[in-house]
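Chain by chain, the residues:
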Amino acid sequence: MTELGFEARTLEQDLRTAREEIEELRAKLRDSEKECERSKLTIERFADVVANMPIGLHLYRLENLKDDRSLKLVATNPAAEAFTGVPRSEVIGKTIDQNFPGLRELGIPEIYADVVRTGRARMLSDVLYGDNRVTKAFFSVRAFPILGDCVGVVFENITERKVAEQQLKKKENEYRSLFRKMLNGFAYHRVLLDDSGKPVDYVFLEVNDAFIKLTGLERNALIGRPVSEVLPGIEKDPADWIGRYGKVALGGGDIRFENFSEPLGKWFSIYAYSPAPQHFAVIFEEITDRKKAQDALREKEEQLHHAMKMEAIGRLAGGVAHDFNNILTAINGFSEIMVDAIAPDDPLAEDLEEIRSAGARAADLTNQLLMFSRKQIISPKLIRPEEAIQSSMKM
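Notes on the structure follow. Here the structure is a predicted model, which means the values were calculated and not measured.

Scoring rules and cut-offs
Residues numbered from 1 in each chain as written. Predicted model: local features only at pLDDT ≥ 70, side-chain atom pairs only at ≥ 80, totals over all residues. Heavy atoms only, no water. Patch = residues over 30% accessible without salt bridge, like charges linked within 9 Å, V, L, I, M, F, W, Y side chains within 5 Å. Areas by Shrake-Rupley, 256 points an atom, 1.4 Å probe, with all protein chains shown as cover. Salt bridge = Lys/Arg side-chain N within 4 Å of Asp/Glu carboxyl O. Helix = DSSP H or I, 4+ residues; strand = E, 2+ residues; numbered from the N terminus. Buried < 20%, exposed > 50% of the residue type's maximum accessible area, 1.4 Å probe, protein only. Expected span 1.5 Å × (residues − 1). Arc of directions from axis to C-beta. Phe/Tyr/Trp six-rings, centres within 6.5 Å; stacked < 30°, edge-to-face > 60°.

**Section: a nonpolar patch on the surface**
Working step 1: Together, Ile 327, Ile 331 and Ile 355 give the surface a local cluster of nonpolar side chains, amounting to about 260 Å² of exposed area.
Working step 2: One can find Ile 327 in helix α10 (residues 288–341).
Working step 3: Of the residues examined, Ile 327 reaches a relative accessible area of 48% and is grouped as partly exposed.

Below is the structure:
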């Protein structure tokens, strides 16, 4: 009985231990089931994200680590089907070369296999691909390692963006070519302000070839340097280049003007505008030759005006001289008759001689006026100053 009692107690203890272990296992099982539910929910959420994300996903398994031809597609999402245009049912379970043979020429399978072997992700940009099923397009691709000798590949079609970038680059190149080849000078600057916000200088940011040609300055001596260093003394120039351009850069509006640059010794026609706050650009052409031509034309016009005025004066003088000459003819004629008619010792003889002499001088002056009006060459004659003075005193 003693042995049976001992065995019974031992059995009872074993049963109690077994029950506790069973309960513990049941608790662990319940916890495991809850964890499985949470994992299942997470997986479902993850699968929902993958199914609805706007980028394509391909999941490859590398069945032979030494051979990238063993890359087999095991999973994909709807976006991948939309990007490639190939139904999921036609690609799952097939190798990468069977599905997308053109990738071999681009070295893509080798890159995917390398991701599996090294565990390092790779980013591939601007992959241009197309075949008899996939419409040719640009793709942005990222490959990343996944447990189980797998590689995940996410990709998106960037053709529109790529085309836009190419068009933008083309336009940029066209504008740059235009910028370089334009005959007008162009320069882009940033205005420097003092503590009170007043423009005190400006820095050259970019210039074109025409700027170099028109100003005679070197590009390397301009870019990044303030104008006060490039052209010392410009801050004292009466044209007030810094103040005028500073006003434009600070929102004062576009301006057009012509001005003479003292440091360069040239005339310029200038258009200035502000493409960005505290910045301004100028488009200009040298007009020094035109200014010289305008000055020469103005001088010729003044000469012509003077000649026309002198011609008018000549015509007036000619008319007056002609009428005056008619009067003098009568005066001189009668004076000659009277001188011949009286005796030399007559008291009036001397007066009549003065009248005849004055008439002769007046006739000579009239002849000079007539020659001036007819633009004839006047022949200068030598005279005795004392005689001319005495004659004038008698008059």
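**A few points about helix α9 (residues 241–252)**
An α-helix turns once per 3.6 residues; consequently, residues spaced three or four apart project the same way.
Working step 1: For α9, with 12 residues, the first-to-last C-alpha span of 14 Å runs short of the 16 Å given by 1.5 Å per residue.
Working step 2: Along α9, the residues that are buried comprise Trp 241, Ile 242, Tyr 245, Gly 246, Val 248 and Ala 249. Viewed along the axis of α9, the buried residues span an arc of 155°, placing them on a single side of the element. Across from the buried face of α9, at angles greater than 90 degrees, the exposed residues are Lys 247 and Gly 251.

**Comments concerning the packing of aromatic side chains**
Working step 1: Evaluation of the coordinates by the stated rule reveals 16 aromatic pairs.
Working step 2: Each ring, one from Phe 139 and one from Phe 155, has its centre 6.1 Å from the other, and the planes form 75°; the classification is edge-to-face. In this pair, Phe 139 sits in strand β4 (residues 137–146) while Phe 155 sits in strand β5 (residues 150–157), placing the two residues 16 residues apart along the sequence. One exposure class covers both Phe 139 and Phe 155, and it is buried.
Working step 3: Taking the centre distance of 5.9 Å and the plane angle of 70° together, the rings of Phe 204 and Phe 211 count as edge-to-face.

**A short note on the pattern of salt bridges**
Working step 1: The full count for this structure, using the stated rule, is 13 salt bridges.
Working step 2: A salt bridge links Arg 104 to Asp 68; the shortest N-O distance between them is 2.8 Å. Of this pair, Arg 104 sits in helix α4 (residues 103–106) while Asp 68 sits in the loop between β1 (56–62) and β2 (71–76), and the two are 36 residues apart along the sequence.
Working step 3: Assessed through its relative accessible area of 25%, Arg 104 is described here as partly exposed.
Working step 4: Among the salt bridges present, the one from Asp 126 reaches Lys 162, with a minimum N-O distance of 2.8 Å. Here the residue Asp 126 occupies a position in strand β3 (residues 122–129), and Lys 162 occupies one in helix α6 (residues 159–181), the gap between them amounting to 36 residues.
Working step 5: With a relative accessible area of 15%, Lys 162 lands in the buried category.
Working step 6: Counted as one network, the salt bridges with shared partners bring together Asp 68, Arg 69, Asp 97 and Arg 104.

Remember that the coordinates give geometry; whether it matters functionally is a separate question.
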